[in-house]
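The lines below spell out each chain.
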Amino acid sequence: MTPISDDLLDQVRGWLRQARKIAVLSGAGISAESGVPTFRDAQTGLWASFRPEELATEEAFRANPTRVWDWYAERRERLRDVAPNVGHVALAEFQQRHPGRLTVITQNVDGLHQKAGSTGVLALHGNIYQDQWLDPCQLARRAHESCHVEQAEAGRPPSCAHCGNLLRPAVVWFGEMLPMAALRAAEHAATECEVMLVVGTSGQVYPAAGLAHEARQGGAKVVIVNPQATELDDVAHAVLVGSSCQLLPRLLDF
Ligand code: APR
């Protein structure tokens, strides 16, 4: 890994100091130093041991709900005691020192930005701790009241006692739409920011990765923070090769 020159770091810090609006697009890599596996890292990424199409699609869940439910239940369990790292904390503390200046947009479902104290986090891929019904609730249509997720009958997965509807994790699977309000807000943050930090994402998954392009088109400086090359390096004005725990506290120390 080539060391980052002090000049490059100072240049990026200068951009950040001048920026009235900063957006951060984070991915699995920002949680790697908390012990959470990424998806695409060659040896340790989740997709090195599991096939996404067997676990992270609606078809997979319908074909084998118990298998998919159990896989997510295990991930939830492993995440329960995981603490945010100094990268998450640097972002949260910056937000506290500079209210309204920095927006966190994340692809992560692990809730670690929120645990670190970040506010207004735009979670584009949902939240692994929450559940939602697989299908629109039958009872909701008939009786104008929805079944409550909390009242689901225990099971793997839990189900509705009345109509058999299944609970699924409230994460965005491949082929699914992103939550519209979060995506709109993220697009707004990307187009209005003056600097976008793209931290710990391989930049392979759209529409999230498209936000870096939108930021650039909107006139922002785009800065990558990642120990490896990414698909978004060509979009960036600066590529900082290093880990988020090493770099974020240095970039956001004012
Ligand atoms: N600091 C910064 N970046 C890191 C670190 C670290 N300590 N460790 C690893 N990385 C980088 C890797 O080099 C890689 O570029 O994090 C990135 C992780 O990439 P992916 O595993 O592809 O994760 P992500 O980009 O978040 O994936 C996007 O794909 O499967 C879906 O829904 C899932 O939200 C996820 C989406």
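Quantities reported herein were computed from a predicted structural model and do not represent experimental measurements.

By the assigned domains, the protein splits into domain 1 (1–36 + 84–125 + 178–254) and domain 2 (43–81 + 128–171). Domain 1 and domain 2 are separated by 29 Å when their C-alpha centres are compared. Counting from both sides, the interface comprises five residues of domain 1 and, opposite them, seven residues of domain 2. By the criterion of area lost to domain 2, the three top residues of domain 1 are Val109, Asp110 and Lys115, representing 73% of everything that side buries. One can count zero salt bridges joining domain 1 with domain 2. Linking domain 1 with domain 2 are three residue pairs in polar contact (both at pLDDT 80 or more), by the criterion used here. Residues belonging to the side of domain 1 that touches domain 2 are distributed by class as follows: two nonpolar, one polar and two charged.

Here the structure, examined in full by the defined rule, presents eight aromatic pairs. Taken together, a centroid distance of 5.3 Å and an interplanar angle of 65° make the contact between phenylalanine 50 and tryptophan 71 edge-to-face. Note that phenylalanine 50 is positioned in the loop between α2 (46–49) and α3 (52–55) and tryptophan 71 in helix α5 (residues 65–79), a separation of 21 residues in sequence. For tryptophan 71, a relative accessible area of 8% gives the class buried. Seen in terms of ring centroids, tryptophan 71 and tyrosine 72 are 5.0 Å apart; in terms of plane orientation they differ by 90°. Their pairing is edge-to-face. Lying over the aromatic face of tryptophan 69, arginine 76 brings its terminal NZ or CZ to 5.3 Å of the ring centre. One residue, arginine 168, lies across the ring of tryptophan 173, its end atom 3.8 Å from the ring centre.

Core analysis: the largest hydrophobic core is formed by 27 residues, its most contacted members being Leu16, Leu197, Leu240, Leu248, Leu251 and Leu252. Among the elements of the structure, α1 (6–18), β1 (22–26), α6 (86–97), β2 (102–106), β6 (195–199), β7 (221–226), β8 (238–241) and α11 (244–251) are those that each provide at least two residues to this core. What leucine 240 contacts, discounting residues up to four positions off in sequence, is Ile4, Leu8, Leu9, Val12, Val223, Ile224, Val225, Asn226, Leu247 and Leu251. Residues Cys193, Ala215, Val222 and Ala236 belong to the second largest nonpolar core, which totals 25 residues.

With that out of the way, let us pick up the pattern of salt bridges. Applying the stated criterion across every chain yields a total of twelve salt bridges. In this structure, arginine 80 and glutamate 77 form a salt bridge, with 3.5 Å as the shortest nitrogen-oxygen distance. Three or more residues joined by partner-sharing salt bridges are found here, namely Arg51, Glu53, Glu54 and Arg67.

Turning our attention to α11. Residues of α11 that are buried: Ser244, Cys245, Leu247, Leu248 and Leu251. Here the buried face of α11 lies against α1, α6, β6, β7 and β8.

Close to the ligand lie 22 residues, the nearest being Phe39, Arg40, Thr201, Ser202 and Asn226. Separating an oxygen atom of the ligand from a backbone N or O atom of glycine 29 is a distance of 3.5 Å. At 2.6 Å from an oxygen atom of the ligand is found a side-chain nitrogen or oxygen belonging to threonine 201. Contact with the protein chains covers 92% of the free accessible surface of the ligand, which is 730 Å². Of the residues belonging to the shell around the ligand, the class tally is seven nonpolar, twelve polar and three charged.

Across the interface, α6 lies against α11 with an axial gap of 7 Å and an inter-helix angle of 20°. Taken together, the axes of α6 and α11 are roughly parallel relative to one another. As α6 runs across α11, the sense of the crossing is left-handed. Contact residues: α6 offers Val86, Gly87, Ala90 and Leu91, while α11 offers Ser244, Cys245, Leu248 and Pro249.

Conventions used here
Residues numbered from 1 in each chain as written. Predicted model: local features only at pLDDT ≥ 70, side-chain atom pairs only at ≥ 80, totals over all residues. Heavy atoms only, no water. Domains from an automatic or database assignment. Contact = heavy atoms within 4.5 Å. Buried area = accessible area lost by both parts, 1.4 Å probe. Salt bridge = Lys/Arg side-chain N within 4 Å of Asp/Glu carboxyl O. Polar contact = N/O pair within 3.5 Å; in protein donor to acceptor, adjacent residues only side chain to side chain. Nonpolar A, V, L, I, M, F, W, Y, C, P; charged D, E, K, R; others polar. Phe/Tyr/Trp six-rings, centres within 6.5 Å; stacked < 30°, edge-to-face > 60°. Helix = DSSP H or I, 4+ residues; strand = E, 2+ residues; numbered from the N terminus. Buried < 20%, exposed > 50% of the residue type's maximum accessible area, 1.4 Å probe, protein only. Lys NZ or Arg CZ within 6 Å of the ring centre and 35° of its normal. Core = buried A, V, L, I, M, F, W, Y, C linked by side-chain atoms within 4.5 Å. Near = heavy atom within 4 Å. Areas by Shrake-Rupley, 256 points an atom, 1.4 Å probe, with all protein chains shown as cover. Axes fitted to C-alpha atoms, helices over the stretch in contact; angles between N-to-C directions. Parallel < 35°, antiparallel > 145°, perpendicular 65-115°, else oblique. Left-handed = near helix turned anticlockwise from the far one by under 90°.

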